[in-house]
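Take a look at the letters that make up each chain.
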Protein chains: 2
Amino acid sequence: MSGTLKGNMLIGQSGGPTMVVNASLVGAIEEAFRHPEMGRIFGAVNGMEGILGENLVDLTHEERGIWERIRVTPSTALGSCRLKIKEKHLQRIVDVFKAHEIRYFFYIGGNDSQHSAHQVLQLAESEGWDMRVIGIPKTIDNDLPEVDHCPGYGSAARFVVTATRCIEKDNEALHPVQFIEAMGRDTGWIAAASRGAREDPEQDAPHLIYVPERPFEEDKFVEEVKEVHARLGRVLAVVSEGLRRPDGSQVTASKRVDAFGHQQLGGMGQYLVDVIEDKMDVKARWDKLGTMQRSFAYCMSETDLGESYEVGRLAVWHASQGVTGKMVTLLREPGEEYVCTFGLTDLENVAEQTRYLDDKYVCQDRADIDESFLDYVEPLALGRRLTLGPEFVSFPRLKRYPVERKLPAYEP
Amino acid sequence: MSGTLKGNMLIGQSGGPTMVVNASLVGAIEEAFRHPEMGRIFGAVNGMEGILGENLVDLTHEERGIWERIRVTPSTALGSCRLKIKEKHLQRIVDVFKAHEIRYFFYIGGNDSQHSAHQVLQLAESEGWDMRVIGIPKTIDNDLPEVDHCPGYGSAARFVVTATRCIEKDNEALHPVQFIEAMGRDTGWIAAASRGAREDPEQDAPHLIYVPERPFEEDKFVEEVKEVHARLGRVLAVVSEGLRRPDGSQVTASKRVDAFGHQQLGGMGQYLVDVIEDKMDVKARWDKLGTMQRSFAYCMSETDLGESYEVGRLAVWHASQGVTGKMVTLLREPGEEYVCTFGLTDLENVAEQTRYLDDKYVCQDRADIDESFLDYVEPLALGRRLTLGPEFVSFPRLKRYPVERKLPAYEP
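Values in this document were obtained by computation on a predicted structure and should not be read as measured data.

Student: Tell me about a negative patch on the surface, residues and numbers included.
Tutor: Taken together, the side chains of Glu336, Glu337, Glu371 and Asp375 of chain A present a region of like negative charge at the surface. Turning to its location among the elements, Glu337 of chain A is positioned in the loop between β10 (326-332) and β11 (340-346).

Written out as structure tokens, the structure is:
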């Protein structure tokens, strides 16, 4: 490993927020404060968008006390973006690095973000710009490769379990057929977490769990709902938003068309309600966990919060030791007790890869998640963080002191 | 007031659940334990449905320790119903009262439920069956007349404020136009509660609040969204599910039709997203608070929980003193400090009446709720109840020991 590299540090957040992604930011910043070779500490406003627009803020000027509060504030204190970085953006990004003497770059995000970080590093290296780039994983989807689990997932899982248990009480009162739509366009990790809500296998919800890893057959679905309804007089099913039929088509796309001949849009939940109310003489309804499953801070998992801080902190520490082109990983020690360790993987191993629910967790004969999944998910989701006071929960904002621009405005 | 009336006591829960409606149940039951003249304590399973079906349970047999846990369990431990009681049902109900020697009947519910209780009492009296009937108010909608506020509303309001603040953090990350759909088919009390989330009037959400009390004009709506978007680069609006156009039509009914020529169904939120994405070059999305706003127990308000217990307890106490044909009311003392007192009103004053948001709270010139509403709503929503442990929240169920039937099966 090489020695001390002097220069400024830049950090950005990308993609869908989580309840704990600010903990990673704060972990990285607090570690950077310990390394005098990292001169100024810059934040990119809205991730790569902010870098392209040279919209940087100087985090050194923020009031020191704010970081402890930002750490437990959901979502991204620096803003985020959904920008897919293309070839044409890369030169501008490296130009901004050079103009602001940035030698350390940390990007908090999912697989697309790590891919971007990798591309930027490659160009910088080819131009002889000595710098260190480390990726910090984050996604409630839990679908990054090379890790046991992703920061953000445990808190989302805790929210899903809590919401399922609370909604179930409502379901017991009026006994409709009820769907809970969870995020997950390609993978079922979030919906699968609801398995943690079921204690009594005879009556507790969720009675059915539908994930994209198991093809969705409508006839079978109706039969499964009917079976539970006949047995309990009510049904609560948790569904991933991205279910697919055996032919690969999305179930979210209704067969109904609008006045212009377009396929009717709308949530999976509404679609399933329509199917069931057409086929059974029951009342059906649906809940959408929506943005709350990644922002409802009362459900933060202490485990998740702590690990998220660590991956941020370790990214900066590794960079200070000369590491570059890597993402910090979260691994699990074998054994009964849950122990998380942290490793490193090449950024290119993560780029554009998706990790699906393991086969062993997805029941094929019925719409369910195997009990063995509980050993996986519970340690990630347990633990609490926010202490509820009598006041409404309240979150701070960074002041975001702007860094003076040094380049002409960006014309994409 | 008359003296001691000996006989059994029956209690039921009706309508949409709330986070704290079990507190009213437990308050009534614990008070009834103190009155030996109330012999056995029966619960009606699913409210009036259970009375018609003679589906009663003996609550005296439940383990004593369960009541403390049921008190903080959301939704209805006895089940609920949406049955609108008609003339033809009344005789059967009175027959069940007579068969089970029921002299005390308590019904926890909204205006329809209080109407039913009133009708039942009238028939019993006309047949010379001496009994005492007291209504216990409950509704997150907060739309009962004769009260300052309704048990259940404060906790729903707390959830709405919390959800708005958490979702806002997400909104700040990716800055779309975002809608939060709150319950409220006829009144805007629940959506109005989101006003409590706004501290900084310059930038805090909600930026716009749409309630049924203010006619919804689509052009104005688009202009209002555009104005906020131009100013902040993001928009978070809270909307009641029951908005109406100036001609009285529901906004939830889209103008789009399906392949069969039917109006497209679907949430208000999706409809507003469609309107905005058609008219502006922005990404829009929506969250539906759904069942969580009445069941997410982490957001229970201690004030609401305590008052809900009291109205249940007082209903039974008043009945023991000879009162009948009344509903317990919640009033507010004039003055700076929030003080809730409890009164009584005739059941018939409540039946089929709706209380709308006061004019003074609804801004007419813009989509907003006046600041003065904060003095109204905050005391109801503040205070916490559940202490979050490291484990998932977990709720008990009653055993529901059935009461032997004494009548032939009911044939409606």
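Student: Before we move on, could you go through the pattern of salt bridges and cite the residues and values that matter?
Tutor: Applying the stated criterion across every chain, the model contains 51 salt bridges over all chains. The shortest N-O distance in the salt bridge between Glu31 of chain A and Arg34 of chain A comes to 2.5 Å. It is possible to trace a salt-bridge network through shared partners that takes in Glu168, Lys169, Glu172, Asp204 and Arg234 of chain A together with Arg397 of chain B.

Student: Any chance you could break down helix α1 (residues 21-32) of chain B for me, citing the residues and the numbers?
Tutor: Three- or four-residue spacings in an α-helix give side chains the same orientation, since the helix completes a turn every 3.6 residues. Helix length check: α1 of chain B (twelve residues) gives 17 Å between terminal C-alpha atoms against 16 Å at 1.5 Å per residue, within 8%. When you tally the buried positions in α1 of chain B, you get eleven out of twelve residues, the bulk of the element.

Student: Run through the sheet that holds strand β7 (residues 208-210) of chain A, naming residues and quoting values.
Tutor: Residue and element names in this part refer to chain A. What the four strands build is an open sheet, ordered β7-β8-β6-β9; its pairing is parallel. Sheet topology places β7 and β9 (284-288) at the edges, where each strand pairs with a single neighbour. For this sheet, the mean angle separating the axes of adjacent strands, direction not counted, is 20 degrees. Across five bridges, the pairing between strand β6 (residues 177-182) and β9 is parallel. Bridge assignment links Ile180 to a residue of β9, and that residue is Asp287. Contacts between helix α8 (residues 218-232) and the sheet are confined to β6, β7 and β8 (235-240), with β7 contributing the most and set at about 160 degrees to the helix.

Student: Talk me through unusual backbone geometry; I want residue IDs and the actual numbers.
Tutor: In this chain, Ala205 of chain A is followed by Pro206 of chain A through a cis amide linkage whose omega measures -5 degrees. Here Pro206 of chain A lies in the loop between α7 (189-193) and β7. Positive phi outside glycine occurs at Glu352 of chain A, with the angle close to 60 degrees. Within the secondary structure, Glu352 of chain A is located in the loop between α12 (347-350) and α13 (373-381). Phi at Arg400 of chain B takes a positive value of approximately 60 degrees, unusual for a residue other than glycine. Within the element layout of this structure, Arg400 of chain B appears in the segment after α13 (373-381).

Student: Which residues make up the packing of aromatic side chains, and what are the values?
Tutor: According to the stated counting rule, one finds 32 aromatic pairs over all chains in the structure shown. With a centroid separation of 6.1 Å and an interplanar angle of 85 degrees, the aromatic rings of Trp286 of chain A and Trp286 of chain B are classed as edge-to-face. Of the two residues, Trp286 of chain A sits in strand β9 while Trp286 of chain B sits in strand β9 (residues 284-288), which places them in two different chains. Between Tyr153 of chain B and Trp189 of chain B, the aromatic rings sit 6.3 Å apart at their centres with planes inclined by 80 degrees, giving edge-to-face as the arrangement.

Student: Please provide a residue-by-residue account of helix α9 (residues 268-279) of chain B, values included.
Tutor: Relative to the 16 Å expected for twelve residues at 1.5 Å per residue, α9 of chain B spans 17 Å between its end C-alpha atoms, a close match to the ideal helical length. Where α9 of chain B is concerned, the buried positions are Met268, Gly269, Gln270, Tyr271, Leu272, Val273, Asp274, Val275 and Ile276 of chain B.

Student: Quick rundown of the state of the cysteines? Include the residues and the values.
Tutor: In this structure the tally under the stated criterion is zero disulfides over all chains. There is no disulfide at Cys150 of chain A, and the cysteine sulfur nearest it, in Cys340 of chain A, is 11 Å away. Assessed through its relative accessible area of 1%, Cys150 of chain A is described here as buried. Here Cys166 of chain B is not cross-linked by a disulfide; its sulfur's nearest cysteine counterpart is in Cys299 of chain B, at 8.2 Å.

Student: Any chance you could break down the packing of helix α4 (residues 87-99) of chain B against helix α5 (residues 111-126) of chain B for me, citing the residues and the numbers?
Tutor: Residues and elements named next belong to chain B. With their axes 9 Å apart at the nearest point, α4 and α5 run at an angle of 65 degrees to one another. Crossing handedness for the pair α4 and α5: right-handed. Residues Glu87, Leu90, Gln91, Ile93, Val94 and Phe97 of α4 form the contact with α5, whose participating residues are Gln119, Val120, Leu123 and Ala124. Within the contact of α4 with α5, the residues separate by chemical class into seven nonpolar, two polar and one charged.

Reading the values: rules and limits
Residues numbered from 1 in each chain as written. Chains lettered and ligands numbered in written order. Predicted model: local features only at pLDDT ≥ 70, side-chain atom pairs only at ≥ 80, totals over all residues. Heavy atoms only, no water. Patch = residues over 30% accessible without salt bridge, like charges linked within 9 Å, V, L, I, M, F, W, Y side chains within 5 Å. Areas by Shrake-Rupley, 256 points an atom, 1.4 Å probe, with all protein chains shown as cover. Salt bridge = Lys/Arg side-chain N within 4 Å of Asp/Glu carboxyl O. Lys, Arg positive; Asp, Glu negative; His and termini not counted. Charge placed at Lys NZ, Arg CZ, Asp CG, Glu CD. Helix = DSSP H or I, 4+ residues; strand = E, 2+ residues; numbered from the N terminus. Expected span 1.5 Å × (residues − 1). Buried < 20%, exposed > 50% of the residue type's maximum accessible area, 1.4 Å probe, protein only. Pairing = 2+ DSSP bridges. Axes fitted to C-alpha atoms, helices over the stretch in contact; angles between N-to-C directions. Contact = heavy atoms within 4.5 Å. Phe/Tyr/Trp six-rings, centres within 6.5 Å; stacked < 30°, edge-to-face > 60°. Disulfide = S-S within 2.5 Å. Left-handed = near helix turned anticlockwise from the far one by under 90°. Nonpolar A, V, L, I, M, F, W, Y, C, P; charged D, E, K, R; others polar.

Limitation: the analysis is restricted to geometry and does not speak to function.
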